[in-house]
Each structure stands twice: as C-alpha cells, then as structure tokens.
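Each chain is listed here by its residues.
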2 protein chains.
Amino acid sequence: MTEHLRETSQRRVILEELGKLTSHPTANEIYELVRKRLPRISLGTVYRNLELLSQSGLIQKLEMAGTQKRFDGTIGNHYHIRCIGCGRVDDLRLPAMKSIDEAAADLSDYEILWHKMEFGGFCPDCITPRSKRGEIEILDIKKNIIGRKD
Amino acid sequence: MTEHLRETSQRRVILEELGKLTSHPTANEIYELVRKRLPRISLGTVYRNLELLSQSGLIQKLEMAGTQKRFDGTIGNHYHIRCIGCGRVDDLRLPAMKSIDEAAADLSDYEILWHKMEFGGFCPDCITPRSKRGEIEILDIKKNIIGRKD
DNA sequence: CGTTAATCAGTAATAGTTACCATTATGGAT
DNA sequence: ATCCATAATGGTAACTATTACTGATTAACG
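Just so it is clear, the structure is predicted and the values come from calculations on it, not from any experiment. Counting restarts for each chain: residues are numbered from 1 in the order of the written sequence. Note on labels: chains are lettered from A, ligands numbered from 1, in written order. Whole-chain, interface and lining totals are the exception, using all residues; otherwise, since this is a predicted model, local features are given only for residues with pLDDT of at least 70 and side-chain atom pairs are given and counted only at 80 or more. Excluding hydrogens and water, the side-chain figures rest on all heavy atoms present in the structure.

**Thoughts on the pattern of salt bridges**
Residue and element names in this part refer to chain A.
- Salt bridge criterion: a side-chain nitrogen from Lys or Arg within 4 Å of a carboxyl oxygen from Asp or Glu. Under the criterion given, the structure shown has 20 salt bridges over all chains.
- Glu16 is paired through a salt bridge with Arg37; the nearest N and O atoms lie 2.7 Å apart. You can see Glu16 sitting in helix 1 (residues 9-20) and its partner Arg37 sitting in helix 2 (residues 27-37), a full 21 residues away along the chain.
- The classification of residues rests on relative accessible area computed with a 1.4 Å probe and restricted to protein chains. Under 20% of the type maximum is buried, over 50% is exposed, and intermediate values are partly exposed. The class for Glu16 is partly exposed, based on a relative accessible area of 34%. Helix and strand labels come from DSSP, where a helix needs a run of H or I of at least four residues and a strand needs a run of E of at least two; each type is numbered from the N terminus.

Right, dumping it as structure tokens:
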C-alpha cells in the first residue's frame, strides 16, 4: 500500500542534470539536457517526474509570475530574481523573512501560510544594451495611448 | 497618426464591470459578467481590451504565480493574497516597500527594477473546513513518499 | 455625412502542461 | 534468482489560457 518513488534511470538522470545547474531551468530545458543522455525519454516523463520530485521535497518548483514554471535543484528559502531581458532566473542571497507573514496576518482576515517574492531587473549581461531600449519602448507605448487628440 | 483608445460599448462595459468589483477576476470571469450585458461580445475582445487597458494604466494586470492572469480595477502599489482553498485574490493593506529593492540590489549584480510579493493562505470562508483537510492531504503525500521501506 | 483607422466577432493557432493507455521495468516477497 | 503487483514509461491526444488572423463594423475626426 505504501507507494514510494522508484529509482528509474529517467528519474535519476533528471535529478542529476538538475543538480549540475545553479540556474533554474524550465521543464523543456531539462528535457533537452536529459535527452542527450536518454534520447528516448518523453517530455511527459520529465513533467511527471519534476512534479513528483517537487512534491517529495527533493527539488523545488518555482511558479513565477506569468511565465512557464521553472525548477530549482536546491531547496531552501531564498528569493529569486528574473531578468527582464533574457528571462533567466537567479537566486538572491536574501534569506526569506518569515516575519513578513506575521505582519501581513495582522492586516488581513486570512490565515497566512506563506509568501513568495520575486524581483525583476536586468542581469549583468543585459544591463548595458537593453535597459535603455526597454525604457524607450515603454515610454513609446504610454505616449501613444495617453497622448490623445492632437 | 496618433492612435488612441476609442470608447466602444464593449470597452466601457468591461471597465464598468471591473470597477464594480473589489475582487480580482480572471479574463474569463470578466467575460461572463460582460456577456450578461453584451451577449455577442467575444472572449478575444475581452482579452484584447484588458491588455490595452492595462497598458494604458487604467487597470492593473496581475500575473500571479502559476495561475491565469487576474485583473485589478484599481491601480496602486499594494500586495495581493490568494486563497489556497477557493483561488480568490484579495488586496492586502500592506503598502509596497520600495526599500526592499535597494536591499536586494546590494546582494546581486542585477539592476533591480521591481519586486512583487504574493501571500498564500486560507480566506475567512475557507479557514474552518479546508485548512485541516489541506494539511492532511499534504501530510499524506509526504508520508507516502518520504516514508519508505517498512 | 464620409473617410479611415481602430475595433469587432468568430475562429484558428499557439504554448505549456496534463491525461490517457498499452507496454515495460522496478523492487519487495517468495 | 525468479515472480509478480504496480509504479513508471513512451507516445500521443486532450486541455487550458492566451494570442493571432480575417473580413466586417463602427467611432471619431474633419
């Protein structure tokens, strides 16, 4: 009756490849990596294992805003930062602040269990070329829409 | 050449319905509401308008973790809390803390532009029945997977 | 009014993910 | 070592949320 995770080669390789990385790959990126070692693995298997492994607490599933899920080979309470330019996700060495939950609980009727925080910005590789361009694009949009009747 | 938003009945009704709510509906929920007044409106029109209206700053698009986008008729810097039980999203009267961005910037190579924080927990309606059940389910999963070989 | 670009309804297409199912393989029990 | 229940797999279909396309309609300016 006690169902537990079996150690299959697919599961082991997924875990190994994820362990090699300090980045936070998407399911598809993991699929491509694992496929080099197990060419016949199916994408569904990767998804299923990432789900099971994160349920078991062996890896962490990051459900970032608005984008596809990403996975973290290390578990622990730290925040993440996503690059607006290239989409990569890094750890932030800011330890999770549990006191925030209590502060929030005082302000609401909810029973608060957790919070997640996500930072956005430009990574070192994208700062120089893209930050200016990004700002200009946003300004253009606002100008077009806000500035009317002339 | 200056393209600006026209006032169509569809756009007006979407904005009106969104303004009536203090909740944060999904595109589909807005579609259902608007459809009562404009039965022939298309879901694509709702999506297009929510996108345009949020670009113009008239409403706010919330890209919450792992779920579909939600929309906020009021703009302003506050955090949101999502109910684990029923999925509803409420405002939290905790003003956004800009100092967090600076603290994070010191710890990273990124040029940090923003952060978002999302709280999770049980809303008043879901606290009593579901919090216990939710905890038990999670415990069951962990027991099944972690507890092995016995 | 007439013109024209913005917008529309309807529908097809897309991306990411999950579900299904017949077959295979793992791991505890024999 | 072999057996066997069932967890896991590969392949594929289905699904959900969202975006893109298209020809018809309409708001807003002159």
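Following the structure, the description resumes.
**Some points on the packing of aromatic side chains**
- For Phe, Tyr and Trp, rings pair up if their centres lie within 6.5 Å, where Trp contributes its six-membered ring, and each pair is then called stacked (planes under 30 degrees apart), edge-to-face (over 60) or tilted (otherwise). Applying the stated criterion to the full structure yields zero aromatic pairs over all chains.
- Between A:Lys116 and the ring centre of A:Trp114, over which it is positioned, the NZ or CZ distance is 5.0 Å. Two thresholds decide whether a charge sits over a ring: the Lys NZ or Arg CZ must be within 6 Å of the ring centre and within 35 degrees of the ring normal.

**Here's the deal with the protein's contact with DNA strand C**
- By nearness alone, 21 residues border DNA strand C, and A:Tyr47, B:Thr8, B:Arg11, B:Thr45 and B:Arg48 come closest of all.
- Distances are taken per atom, and a residue is near a molecule or strand as soon as one of its heavy atoms is within 4 Å of it. Counted by atom, the contact set of DNA strand C within 4 Å of the protein is 77% sugar and phosphate.
- Between N or O atoms, a polar contact is any pair within 3.5 Å; within protein, one atom must be a potential hydrogen donor and the other a potential acceptor, and residues adjacent in sequence are included only when both atoms are from side chains. At a separation of 2.8 Å, a sugar or linking oxygen of DNA strand C approaches a polar side-chain atom of B:Gln10.
- Every element with two or more residues in the surface near DNA strand C is listed here: helix 3 (43-55) of chain A together with helix 1 (9-20) and helix 3 (43-55) of chain B.
- Examining the composition of the surface near DNA strand C, we find that three residues originate from one element, helix 3 of chain B, more than from any other.
- Considering only residue class, the surface near DNA strand C consists of four nonpolar, eight polar and nine charged. Under the convention adopted here, Pro, Cys and the residues Ala, Val, Leu, Ile, Met, Phe, Trp and Tyr are nonpolar, Asp, Glu, Lys and Arg are charged, and Gly plus all remaining residues are polar.

**Some words on the nonpolar core**
- Among the nonpolar cores identified, the biggest contains 28 residues, and A:Phe119 and B:Phe119 are the most heavily contacted of them.
- For this core, the secondary-structure elements that each account for two or more residues are strand 3 (78-83), strand 4 (89-95), helix 4 (99-106) and strand 5 (111-122) of chain A together with strand 3 (78-83), strand 4 (89-95), helix 4 (99-106) and strand 5 (111-122) of chain B.
- Beyond its immediate stretch of four places on either side in the chain, B:Phe119 contacts A:Ile100, A:Asp101, A:Ala104, A:Ile112, A:Trp114, A:His115, B:Tyr79, B:His80, B:Ile81, B:Arg82, B:Leu92 and B:Leu94. Buried residues of nine kinds, namely Ala, Val, Leu, Ile, Met, Phe, Trp, Tyr and Cys, make up a nonpolar core once their side-chain atoms join them within 4.5 Å. Whether two residues touch is decided by their heavy atoms; if any such pair falls within 4.5 Å, the residues are in contact.

**Quick notes on the environment of B:Ile81**
Residues and elements named next belong to chain B.
- Along the chain, Ile81 turns up in strand 3.
- Among the residues examined, Ile81 registers a relative accessible area of 0% and is labelled buried.
- C-alpha separation for the pair Ile81 and Met64, spaced 17 residues apart in sequence, amounts to 9.7 Å.

**As for the protein's contact with DNA strand D**
- Around DNA strand D, 21 residues are found, and the nearest of them are A:Arg11, A:Thr45, A:Arg48, B:Tyr47 and B:Lys69.
- Residue A:Ser42 places a main-chain N or O atom 3.2 Å away from a phosphate oxygen belonging to DNA strand D.
- In the model, a phosphate oxygen of DNA strand D is placed 2.5 Å from a nitrogen or oxygen of the B:Tyr47 side chain.
- With three residues, the top contributor of residues to the surface near DNA strand D is helix 3 of chain A.

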